[in-house]
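What follows is the residue order along each chain.
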There are 2 protein chains.
Amino acid sequence: MQIGIIGLGLIGGSLGLDLRSHGHYVWGLSRSQSTCEEAKSVGAVDEAGVNLTEIKSLDQTEVIFVCTPIDSIIKTIAAIAPQLKSSVIITDVGSVKSAVIDQAQTLHPRFIGGHPMAGTAFSGISAAQKNLFQGRPCVLTPNQTTDQEALKILRSLWQSVGAVMYECDPEAHDRSVAWISHLPILISAGLILACDQESNQAIAQLAQHLASSGFRDTSRVGGGNPQLGSLIAEYNQVALLDSLKAYQRVLADLIHQIEAKNWRSLEQSLTVAQQLRNLYL
Amino acid sequence: MQIGIIGLGLIGGSLGLDLRSHGHYVWGLSRSQSTCEEAKSVGAVDEAGVNLTEIKSLDQTEVIFVCTPIDSIIKTIAAIAPQLKSSVIITDVGSVKSAVIDQAQTLHPRFIGGHPMAGTAFSGISAAQKNLFQGRPCVLTPNQTTDQEALKILRSLWQSVGAVMYECDPEAHDRSVAWISHLPILISAGLILACDQESNQAIAQLAQHLASSGFRDTSRVGGGNPQLGSLIAEYNQVALLDSLKAYQRVLADLIHQIEAKNWRSLEQSLTVAQQLRNLYL
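Residues numbered from 1 in each chain as written. Chains lettered and ligands numbered in written order. Predicted model: local features only at pLDDT ≥ 70, side-chain atom pairs only at ≥ 80, totals over all residues.

Some points on the overall build of chain A
No. 1: Scanning chain A from terminus to terminus reveals 11 helices and eight strands.
No. 2: Expressed as lengths along the three principal axes of its C-alpha atoms, the size of chain A is roughly 70 × 40 × 30 Å.
No. 3: Counting the 281 residues in chain A, one finds 52% classified as buried.
No. 4: Long-range contacts, defined here as pairs at least 24 residues apart, represent 65% of the contacts in chain A between residues at least 6 apart. (Helix = DSSP H or I, 4+ residues; strand = E, 2+ residues; numbered from the N terminus. Buried ≥ 20, exposed ≤ 12 C-beta atoms within 10 Å, placed from the backbone. Contact = placed C-beta atoms within 7 Å.)

Right under this line is the structure:
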């Protein structure tokens, strides 16, 4: 199959490596010439360019993965759609779906939203790796107007790189990831910012020295890419606020148990948390 | 040196392994006969018993590490102190210090509070391992009445097993660990309990399927031992509540930025969090 990847970062680059290893022809588009060169040299693409007109195999392209940051997805589709045949399937890998789907489908009816849940602490083409999607969940978000043949092709491509497939409507996706992916970012960033509220410098510094694996893990996603965190909040505002407010209520309950010295009740809450966590792992 | 360890779990057992490998004679005390047997067979102790009267080398003991759960430390010291010479140094490894020190020093003046910041996801003598304390912080909390010679001996013992030593008063310790160790437990448990607030079962189940490394790390300490979490809250109530309330204010600020669609300000907050986190790692 002839496949295009726009945006050659961690996700786009890793996808290119895997698709090529399955015998597909892959072209890549990046804003940066040096990224194009690196993508070719690591084997993530067969050809690459900074402009769609440079892509020799464009006319034979069957599927395009838009792997840009969330705020560039619609701009990218608007720029490429007029140059593509209507039969080309376009999909994306953004972590928010509702805000993208309607506009994308208007620009190019054969668009299907996608979201592979695969990330590392690193970004960029230099972080691209084979088998990044192996065993990882990937969501496709078809709606009433989705072309079923296109859906089948996309599902099969993601399965070929090892992803475990889920399908749901865009709103269900956005609410789900608000809980388990977007809420943790804000919770975790809040921990770091709260620690900075300690007014006694000696205690603040001691805390920094004593911080161990518990702090490291709980603060990890809060210390991630600030642009990505902010974009996620912007594009998934409603679902994220719902989850944040549920979180505020739960936290207030826990604080009340501690203020009331209701240790039995607190232990019970922590026992429930311990048991529930297993459902997610 | 002749050393006693009371409580042969992860910390007590690991400490025994390391102290014996440095040539010390180590006896152990546990409520469970089978733990005593296992501690001997893995090499964590030279002799062990369920009762202090069983310990043949008790009269030669110079240092005793109380490695029981927080709520048993005072009871343990009260039980053993009358059977010990006043020259014996007693210390503990509990994660809270203020609530222990005064009573412990009253029961046995040559008591010094201690807290090695070393843990794994596992507990019990079967989780004991060599070099658990290597490169890990360990806090001693002397006060005005602390015997300086005893402090020097304890410091040297912890350094011999590789710990990086800090000293501060008990209150500074409790405030510091409230921020970086106790607050994360409540924050993290709150995440798990909040996700359970999703009323749409399909979305709740999808969230469970999609949960990835971000959720796993952020929820890890909240899914830990509920008894330990509750005891920590009980014994460090004041400092923990202070940190929880600072956290509530920080979280309310972040939520306000999202409600106000102040994405520039949110990105700035996340950038500060990203930068601050480096101070703790």
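Notes on the pairing of strand S8 (residues 164-167) of chain B
Residues and elements named next belong to chain B.
No. 1: Bridging between strand S7 (residues 137-141) and S8 involves four bridges; their strand directions are parallel. For Pro-137, the partnering residue across the bridge sits in S8 and is Val-164.
No. 2: Crossover S7 to S8 through helix H5 (residues 148-160) is right-handed. (Pairing = 2+ DSSP bridges. Right-handed = clockwise from strand over helix to strand, strands pointing away.)

Section: the confidence of the model for chain A
No. 1: Of the residues in chain A, 100% have a pLDDT of 70 or more, and the chain-wide mean is 96.
No. 2: This prediction of the complex comes with two scores: 0.94 for pTM and 0.94 for ipTM. (pLDDT = per-residue confidence, 0-100.)

Thoughts on the relation of the copies chain B and chain A
No. 1: Rotating chain B by 180° and translating it 0.0 Å along the rotation axis places it on chain A, where the RMSD comes to 0.0 Å. The transformation just described matches what one would write down for a two-fold rotation axis. When each C-alpha of chain B is compared by its distance to the rotation axis, Thr218(B) comes out closest, at 2.2 Å.
No. 2: A share of 100% of the interface residues of chain B reappears at the interface of chain A, consistent with the copies meeting face to face through the same patch. (Least-squares fit on C-alpha atoms with pLDDT ≥ 70 in both.)

So, the sheet that holds strand S4 (residues 63-66) of chain B
Residues and elements named next belong to chain B.
No. 1: Taken in spatial order, the eight strands of this open sheet run S3-S2-S1-S4-S5-S6-S7-S8, and their pairing is mixed. Of all strands in the sheet, those with a lone pairing partner are strand S3 (47-49) and S8, marking the two edges. The average undirected angle you get between the axes of adjacent strands in this sheet is 25°.
No. 2: Pairing geometry for strand S2 (residues 25-29) and S3, over three bridges, is parallel. Pairing of Leu-29 across the sheet is with Gly-49, part of S3.
No. 3: Lying over the sheet, helix H1 (residues 10-21) contacts strand S1 (2-6), S2, S4 and strand S6 (111-116), oriented at roughly 165° with respect to S2. (Axes fitted to C-alpha atoms, helices over the stretch in contact; angles between N-to-C directions.)

Remarks on the domain arrangement of chain A
All names here are of chain A.
No. 1: In terms of domains, chain A is made up of domain 1 (2-168) and domain 2 (173-280).
No. 2: Just the C-alpha atoms count here: the centres of domain 1 and domain 2 sit 32 Å apart.
No. 3: Contacts between domain 1 and domain 2 engage 13 residues on the former and nine residues on the latter.
No. 4: Of the residues in the side of domain 1 that touches domain 2, the class split is six nonpolar, five polar and two charged. (Domains from an automatic or database assignment. Nonpolar A, V, L, I, M, F, W, Y, C, P; charged D, E, K, R; others polar.)

A closer look at the interface of chain B and chain A
No. 1: Every contact between the two is made by 80 residues of chain B and, on the other side, 80 residues of chain A.
No. 2: Mapped by element, the contributors of at least two residues to the side of chain B that touches chain A are S7, helix H6 (170-195), helix H7 (201-210), helix H8 (213-219), helix H9 (226-235), helix H10 (237-259) and helix H11 (263-277) of chain B.
No. 3: Of all the elements, H6(B) adds the most residues to the side of chain B that touches chain A, at 19 residues.

A short note on the environment of Ser32(A)
Residue and element names in this part refer to chain A.
No. 1: With respect to the secondary-structure elements, Ser-32 resides in the loop between strand S2 (25-29) and helix H2 (33-42).
No. 2: Accessibility expressed as a C-beta count within 10 Å gives 13 for Ser-32, which makes it partly exposed.
No. 3: Along the sequence, Ser-32 and Arg-155 sit 123 residues apart, while their C-alpha atoms lie 30 Å from each other.

Regarding H11(B)
No. 1: An ideal rise of 1.5 Å per residue puts 21 Å on 15 residues; H11(B) measures up with 21 Å between its terminal C-alpha atoms.
No. 2: The set of residues buried in H11(B) consists of Leu266(B), Glu267(B), Ser269(B), Leu270(B), Ala273(B) and Arg277(B). The buried residues of H11(B) occupy one face: seen down the axis, they fall within an arc of 155°. Structural note: H11(B) exposes Arg264(B) and Gln275(B) on the side pointing more than 90 degrees away from its buried face.
No. 3: Those residues of H11(B) that are buried lie in contact with helix H6 (170-195), helix H8 (213-219) and helix H9 (226-235) of chain A together with H10 of chain B. (Expected span 1.5 Å × (residues − 1). Arc of directions from axis to C-beta.)

Some remarks on the nonpolar core
No. 1: With 182 residues, the main nonpolar core has Ile5(A), Leu183(A), Tyr247(A), Ile5(B), Leu183(B) and Tyr247(B) as its most contacted residues.
No. 2: Once you skip the residues sitting within four places of it in the chain, Tyr247(A) turns out to touch Leu183(A), Ile187(A), Gly190(B), Leu191(B) and Ala194(B). (Core = buried A, V, L, I, M, F, W, Y, C linked by C-beta atoms within 7 Å.)

Looking at the sheet that holds strand S1 (residues 2-6) of chain A
Residues and elements named next belong to chain A.
No. 1: Judged by pairing direction, the sheet is mixed, and its eight strands sit side by side in the order S3-S2-S1-S4-S5-S6-S7-S8 without closing on themselves. Lying at the two open borders of the sheet, with one neighbouring strand each, are strand S3 (47-49) and strand S8 (164-167). For this sheet the average axis-to-axis angle between neighbouring strands, irrespective of direction, equals 25°.
No. 2: As judged from the four bridges shared by strand S6 (residues 111-116) and strand S7 (residues 137-141), these two strands associate in the antiparallel manner. If you follow Gly-114 over to S7, its bridge partner there is Leu-140.

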